[in-house]
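Tertiary structure, described
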Amino acid sequence: MAFNHLPAGVHDALTPLSVTPVTHSMSMAHDQLPPEAGVHPAPRAVLDGLTAGAARAARITHTEHLPPRPGRHAAWPEKIRPEVTAAVRAAGIDRPWMHQALAAEHALRGESVVVATGTASGKSLAYLAPVLSTLLDGSEAPNGRGATALYLAPTKALAADQHRSVRALAAPLGKAVRPAVHDGDTPVEEREWIRQYANYVLTNPDMLHRSVLPSHPRWASFLRALRYVVIDECHTYRGVFGSHVAQVLRRLRRLCARYGSEPVFLLASATAAEPATAATRLTGVPVVEITDDGSPRGETVFALWEPPLTELHGERGAPVRRTATAETAELLTDLAVRGVRTVAFVRSRRGAELVALIAQERLAAVDRSLPSRIAAYRGGYLPEERRAIERALHTGELLGLSATTALELGVDVAGLDAVLLAGYPGTRASLWQQAGRAGRTGRGALAVLVARDDPLDTYLVHHPEAIFRQPVETTVLDPDNPYVLAPHLCAAAEELPLTETDLALFGPETPGLLPRLELRKLLRRRGTSWHWTRRERAAELTGIRGEGGRPVQVVEEGTGRLLGTVDAAAAHTTVHEGAVHLHQGRSYLVRRLDLEDNVALVEQADPPYSTTARDTTTVSVLETVEEVPWGEARLCFGSVEVTNQVVSFLRRRVITGEVLGESKLDLPPRTLRTRAVWWTVTEDQLDDARVAPEALGGALHAAEHASIGMLPLFATCDRRDIGGVSVPLHPDTLLPTVFVYDGHPGGAGFAERAFRTAARWLTATREAIAACECETGCPSCIQSPKCGNGNEPLDKRAAVRLLGRLLSGAPEGPAEGAAEGAAAPPGNPPPEGRDSAESAPGP
């Protein structure tokens, strides 16, 4: 937690920088050790050091300078207890920023509020001041716990970080404030004390879903006194995960009402579009928004970096760029040698391990003490490993960290000077959140976005206005998704029998779902209430992060040692037989994947390659919910059934990405019922676009790949959240068709967002393909590393002409159809589609 309060005038010492791209710099001294801790070089000087020589300087496509900003103070509301304001002053904060004081005022009036301001703007103090004041009031009750508060974080790391910060801030208040972390790592012997005595419990939505709510009688005294629910980093609750959390919060509100409390929700968010609307949809209660950021900001230099082309050639002779992983590892190495404290955000667990491993090997050549000052941080580590890395980061022992988004969220990593982003993180909100990890105490910071070799990243580094001149996205979630809602109705019924008065709380789809749950013998109706009928716990029906089953344990074959876990949904693509698995800087080869026992057996090895899975996909249309004419073409949105099968994996050289070979796999297919957007074209349109029959498959396939790559720019999704299929003659539409679907059961809202923004989305797709410098297609425009068809066929020029003809019939403004529906999938799907291409993870 960073309050980000500076002594007066500190921001005035920062000088403006030129926005001219760097074209010259001093050479880097690899034989020098890092400078002493506490030295924080100016971001422009750091960038100059990274771009020594013409070859390095040419990789920067744009440099953006964000000037420093002074802060604006206010006074705390009078209702804040003087002991709390004194504790805040003891922490070095004399006065709050304007947004902090305003948020506290709303909270004390009993109004739910969301604070959506920049990274390190002091959102934590905005909610902690009223919470601590109320807890202090409650400590004077006869039982010493007249008021309680619940804090929810999306990650364990953030909850642990907040716990440290709250204990430090509340230390002058003595035993009146008793914070405690309740998560899967909490020892059993501590949990009873937490239930009985803690008045500020820090946990995550998973524990709320699986532990607190199902055993609510044991939490009765805590829930009865619950005054505030703090939801930190609420912008992360999107898609399927956000939809599940929305229903968990409705279950919490229902139980609180049962015990006589009605808590106020205090939400903290990164800068987001329409934060009050998103917060209201998440919590189900009216929420006031605060978006005027009163905190100061140090200067930020933000560089867009495109790795160079190599002499290698990929599939179909396509040019290959140096991988973002290798480029980021090299930059992390250079920064560590210069003593610049850096975090590199990498999109995958394997990528985070690779970046750390490469950097450690290169640093060993400079000084043997340096490799130990670089580490990887990702999900799937054992609790003791996570805690050790977090301690080393806080003490400054680490110079560099290669992390997944597990570290993106609010964790206070004070002292960082630079952030490297190995690929666009999927949303502008995440991009600014990650970039804001450096310079958190008001100093200047350097952020570098290293482009991956794919359509979206290539588009962004050559269209900086899409990053720096566009607002952040609207959070997408759908609590009424029947696949999400159904298991939560069962869980709620086990907690307390459902009654007709509960139906409105859980949303308009509830009355239609209850009879179906009765038919499945999950619920039984008795009079005007519904009861859970099974012996097993209803909360086990679903994992709220959409993981779709028990995690797969990764076990070292020779010793039986548990290395970590992998989500069930990712097992087929990440721990299949022959896959390279990385853990704590060591490489392992998967010898066997046992799907019955959910175990992957591995042995330590040092192969000179990484592995990438390939899969095939077919799609059947179940129901067309909306359809919009685009001239003769049709743009549709509805329900589909997707069948996916991992069929092979590629071996790629680690540094260059060169394909060394492909091996077949024999894994079972998996089916998924979800939502999709699709478009069809007619023969006349194909003739107008000069797309001959022999080029049709390649044109559709290329358009599909590129459109999947570009969708994260328009919907708050990751490329891995969505999939696609292109078919020259689909059996359900009887026309050439391109599908893009949500990779989660019941949909996640991404395909619908694509439908609503289709004209802008497909226009950007066409521009990205047309602007690429390659001749026939490459990973920067139309090739996909996941393509189960080996990127065959692809026709770049025909795709540009086809998309141009399609867009010529698009209506003015967004595609608007009939009212949204939440159609339940029927029991017998039509025949499957053919000619699969790229797919999202299976269920």
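First, a word on scope: everything that follows refers to the structure included in this document.

Cut-offs used in this document
- Residues numbered from 1 in each chain as written.
- Predicted model: local features only at pLDDT ≥ 70, side-chain atom pairs only at ≥ 80, totals over all residues.
- Heavy atoms only, no water.
- Phe/Tyr/Trp six-rings, centres within 6.5 Å; stacked < 30°, edge-to-face > 60°.
- Helix = DSSP H or I, 4+ residues; strand = E, 2+ residues; numbered from the N terminus.
- Buried < 20%, exposed > 50% of the residue type's maximum accessible area, 1.4 Å probe, protein only.
- Lys NZ or Arg CZ within 6 Å of the ring centre and 35° of its normal.
- Arc of directions from axis to C-beta.
- Contact = heavy atoms within 4.5 Å.
- Polar contact = N/O pair within 3.5 Å; in protein donor to acceptor, adjacent residues only side chain to side chain.
- Pairing = 2+ DSSP bridges.
- Axes fitted to C-alpha atoms, helices over the stretch in contact; angles between N-to-C directions.
- Disulfide = S-S within 2.5 Å.
- Parallel < 35°, antiparallel > 145°, perpendicular 65-115°, else oblique.
- Left-handed = near helix turned anticlockwise from the far one by under 90°.
- Nonpolar A, V, L, I, M, F, W, Y, C, P; charged D, E, K, R; others polar.
- 1 Å grid on protein atoms, 1.4 Å probe; cavity = no way out; pocket = protein on both sides within 12 Å on 5 of 7 lines; lining within 4 Å.
- Points joined across faces, edges and corners; volume = space filled by probe spheres on them.

Here we come to the packing of aromatic side chains. How two aromatic rings sit relative to each other is set out by the distance from centre to centre and by the angle between their planes. Counted by the stated rule, this structure contains ten aromatic pairs. Taken together, a centroid distance of 6.5 Å and an interplanar angle of 55 degrees make the contact between Tyr-151 and Tyr-200 tilted. Within this pair, whereas Tyr-151 is found in strand E3 (residues 148-152), its partner Tyr-200 is found in strand E5 (residues 200-203), the two being separated by 49 residues in sequence. No difference in accessibility class separates Tyr-151 from Tyr-200, as the two residues are buried. The interplanar angle of 40 degrees and the centroid separation of 5.6 Å between the aromatic rings of Trp-678 and Phe-739 together place this pair among those described as tilted. Pair noted here: Trp-678 is in strand E28 (residues 670-680) and Phe-739 is in strand E30 (residues 737-742), with a separation of 61 residues, a long-range link. The rings of Tyr-127, Tyr-151 and Tyr-200 are connected pair by pair, giving a single aromatic cluster. Above the ring of Tyr-259, the side-chain terminus of Arg-258 is found at 5.5 Å from the ring centroid.

Attention shifts here to helix H11 (residues 275-283). Along H11, the residues classified as buried are Pro-275, Ala-276, Ala-278, Ala-279, Leu-282 and Thr-283. Looking straight down H11, one finds that the buried residues subtend no more than 160 degrees of arc, so they occupy a single side. Close packing links the buried residues of H11 with strand E2 (113-116), strand E6 (226-231), helix H10 (239-258), strand E7 (264-269) and strand E8 (288-290). Where H11 terminates, the next one or two residues include Gly-284, which has phi positive at roughly 85 degrees.

Turning our attention to the side chain of Glu-626. For Glu-626, the position within the fold is in strand E25 (residues 609-630). Of the polar contacts made by the side chain of Glu-626, one reaches the side chain of Arg-756; its length is 2.7 Å.

A separate point is the sheet that holds E6. Backbone-to-backbone hydrogen bonds pair the strands of a sheet. The strands run either parallel or antiparallel. Strand order across the open sheet formed by seven strands is E4-E5-E3-E6-E7-E2-E8, with parallel pairing between neighbours. Of all the strands in the sheet, the pair left with one neighbour each is strand E4 (179-181) and E8. The mean angle between the axes of side-by-side strands here comes to 15 degrees, regardless of whether they run parallel or antiparallel. Across the sheet, helix H5 (residues 123-138) lies against E2, E3, E5, E6 and E7, angled at about 165 degrees from E6, the strand it touches most. Where helix H6 (residues 156-170) meets the sheet, its contacts fall on E3, E4 and E5, and the angle it forms with E4 comes to roughly 160 degrees.

Ordered by their spatial adjacency, seven strands build an open sheet running E1-E9-E16-E15-E12-E14-E13, and the pairing between neighbours is mixed. Sheet topology places strand E1 (60-66) and strand E13 (374-377) at the edges, where each strand pairs with a single neighbour. Averaged over all adjacent pairs, the angle separating strand axes in this sheet is 15 degrees, with direction ignored. In terms of strand pairing, strand E12 (residues 342-346) meets strand E14 (residues 400-403) through four bridges, oriented parallel. What sits directly across from Val-343, in E14, is Leu-401. Against the sheet, helix H15 (residues 428-435) makes contact with E1, strand E9 (300-305), E12, strand E15 (418-422) and strand E16 (445-450), and its axis sits at roughly 145 degrees relative to E15, the strand it touches most.

A separate point is the state of the cysteines. Going through the model one piece at a time under the given rule, you end up with zero disulfides. You can see Cys-772 has no disulfide; the closest cysteine sulfur is in Cys-778, sitting 3.6 Å from it.

Turning our eyes to something else, we now look at the packing of helix H25 (residues 758-771) against helix H26 (residues 796-807). Across the interface, H25 lies against H26 with an axial gap of 9 Å and an inter-helix angle of 155 degrees. Classified by the interaxial angle, the pair formed by H25 and H26 is roughly antiparallel. The hand of the H25/H26 crossing is left-handed. Counted together, Ala-759, Leu-762, Thr-763, Thr-765, Arg-766, Ile-769 and Ala-770 of H25 and Lys-796, Ala-799, Val-800, Leu-803, Gly-804, Leu-806 and Leu-807 of H26 form the full contact between these two elements. Broken down by class, the residue content of the contact of H25 with H26 amounts to nine nonpolar, three polar and two charged.

Gaps left between atoms are located by rolling a probe of water-molecule size over the structure's atoms. Here the structure, examined in full by the defined rule, presents seven cavities of 30 Å³ or more. In this structure, the second largest cavity occupies an estimated 80 Å³ of space. Forming the boundary of the second largest cavity are Val-114, Cys-234, His-235, Tyr-237, Ser-269, Ala-272, Pro-275, Ala-278, Ala-279, Leu-282, Thr-475 and Leu-477. For the lining of the second largest cavity, the leading source of residues is H11, giving four residues. Looking at side-chain class alone, the lining of the second largest cavity contains nine nonpolar, three polar and no charged residues.

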